[in-house]
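Descriptive structure summary
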Amino acid sequence: MSHQSTLSSSIVAVLETADPHKKAKATRQIVAAWRANQITELGQTRPPERPARPAKPALLPPRSVPRRRITARTDGRVALLHPIIHIELKAIALALDMACRFVEQSLPKDFYSDWLGVADDESRHFLMLSDRLAQMGAAYGDLPAHDGLWQAADATKDDLLARLAIAPLVLEARGLDVTPAMIEKLTNVGDSDSAAALGIIMTDEVGHVAVGKRWFDYVCGLGRLDSVSSYYRLVTTYFRGDLKPPFNIATRRATKFSAAFYGPLAERNDLVAPSR
């Protein structure tokens, strides 16, 4: 990495790296350089339309990806962890994109630091799960996956408030809801190592949702917008799918993300974005 690199040019170089392990490790290097003030300028380098990706896994429509079933068999546990590691890789790119795409909006330095911190966590998660899969004789790319996470990123690429509403406050918040049950099932089949890995991810996700909520409220404040009604408007516009209970209300509340935001949306049966 050149000492003259800007934050945005450094991020774009990582987003254009196809190898997932190199992407994760390079992300951690950028974050360390930013924190050490070795990178100080934001720059204006635009991110790619989508990150480079490896040849595998094959990407299928979400409904075509086989459902996960947790069993004591190794293949059953691999089938659970593989979609999660795929999400973690996409989450690296989402956090980096957040720290690069909106530089022209003159946001505080803390905004970039927060999202680089999220990217660092996601990179650590990816590498941790990669090691866990290797211990089970598997690797990222062995199973097919879907591209729903980046479709959401593409839909919100021109609207910072929409990106904040969808990425951390719909997609990552869902992790708070579903991860405890996965941890319990892994524990029940005797896979304490995988359960512990998901426990680490769950703890970090609480912080990520809190970061998303903090900056969503901040951007709403800049525009003198009501945050609850803005969230409702953006989710009904940009999110393809349903917000379905059960919700981990206690954990969501810990991130200052109250049911006033998502409760009314969960009661709708027609929460489908217009075709694009």
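This write-up is about the structure you can find in this document. (Residues numbered from 1 in each chain as written. Predicted model: local features only at pLDDT ≥ 70, side-chain atom pairs only at ≥ 80, totals over all residues. Heavy atoms only, no water.)

As a further point, take the overall build of the chain. In terms of helices and strands, the chain carries 10 helices and 0 strands. Listed by position from the N terminus, the elements making up the chain come as α-α-α-α-α-α-α-α-α-α. Against the 2.2 N^0.38 benchmark of 19 Å for 276 residues, the chain shows a C-alpha radius of gyration of 18 Å, consistent with a compact globule. Taking the principal axes of the C-alpha coordinates as reference, the chain spans close to 50 × 50 × 35 Å. Looking at the chain as a whole, 50% of its 276 residues qualify as buried. Summarising the internal contacts of the chain: among those between residues at least 6 apart in sequence, 83% fall at separations of at least 24. (Helix = DSSP H or I, 4+ residues; strand = E, 2+ residues; numbered from the N terminus. Rg over C-alpha atoms; globule rule 2.2 N^0.38 Å. Buried < 20%, exposed > 50% of the residue type's maximum accessible area, 1.4 Å probe, protein only. Contact = heavy atoms within 4.5 Å.)

To continue, consider the nonpolar core. Side chains of nonpolar character tend, in soluble globular proteins, to be buried together. Core analysis: the biggest nonpolar cluster contains 82 residues, and W115, L116, F216, Y231 and L243 have the highest contact counts within it. For F216, the contacting residues outside a window of four places in its chain are L161, L164, A165, L169, S227, S230, Y231, L234 and F261. (Core = buried A, V, L, I, M, F, W, Y, C linked by side-chain atoms within 4.5 Å.)

Time to look at the packing of helix α3 (residues 74–101) against helix α6 (residues 160–188). Close contact between α3 and α6 brings their axes to 12 Å; oriented N to C, the two are set at 155 degrees. Taken as axis vectors, α3 and α6 run roughly antiparallel relative to one another. Along this stretch, α3 crosses α6, giving a crossing that reads as left-handed. Together, R77, L80, I84, L94, D97, M98 and R101 of α3 and L160, R163, L164, A167, M182 and L186 of α6 make up the contact between the two elements. Looking at the contact of α3 with α6 residue by residue, the class counts come to 9 nonpolar, no polar and 4 charged. (Axes fitted to C-alpha atoms, helices over the stretch in contact; angles between N-to-C directions. Parallel < 35°, antiparallel > 145°, perpendicular 65-115°, else oblique. Left-handed = near helix turned anticlockwise from the far one by under 90°. Nonpolar A, V, L, I, M, F, W, Y, C, P; charged D, E, K, R; others polar.)

This next bit is on the pattern of salt bridges. Close approach of charged atoms allows side chains of opposite charge to pair. In total, this model carries 15 salt bridges according to the counting rule given. Between K213 and D217 there is a salt bridge, with the nearest N and O atoms lying 2.6 Å from each other. Note that K213 and D217 are positioned in helix α7 (residues 192–222) at a spacing of 4 residues, about one turn of the helix. Connected through salt bridges with shared partners, the residues R28, R35 and D120 form a single ionic network. (Salt bridge = Lys/Arg side-chain N within 4 Å of Asp/Glu carboxyl O.)

P57 follows K56 through a cis peptide bond whose omega is 15 degrees. Backbone geometry places N37, a non-glycine residue, at a positive phi of 60 degrees. Following the sequence through the fold, N37 ends up in the loop between α2 (20–35) and α3. For K256, which is not glycine, the phi dihedral falls at a positive 65 degrees. Its place among the elements puts K256 in the loop between α9 (249–254) and α10 (259–266).

Our next topic: the environment of K90. In this structure, K90 sits in helix α3. Along the primary structure K90 and L149 are separated by 59 residues, whereas in three dimensions their C-alpha atoms are 6.9 Å apart.

A word on the environment of D75. Within the secondary structure layout, D75 lies in helix α3. You can call D75 partly exposed: its relative accessible area is 43%. Residues D75 and G137 lie 62 residues apart in sequence; the distance between their C-alpha atoms is 9.5 Å.

Function-wise, these values are silent; they only describe arrangement.
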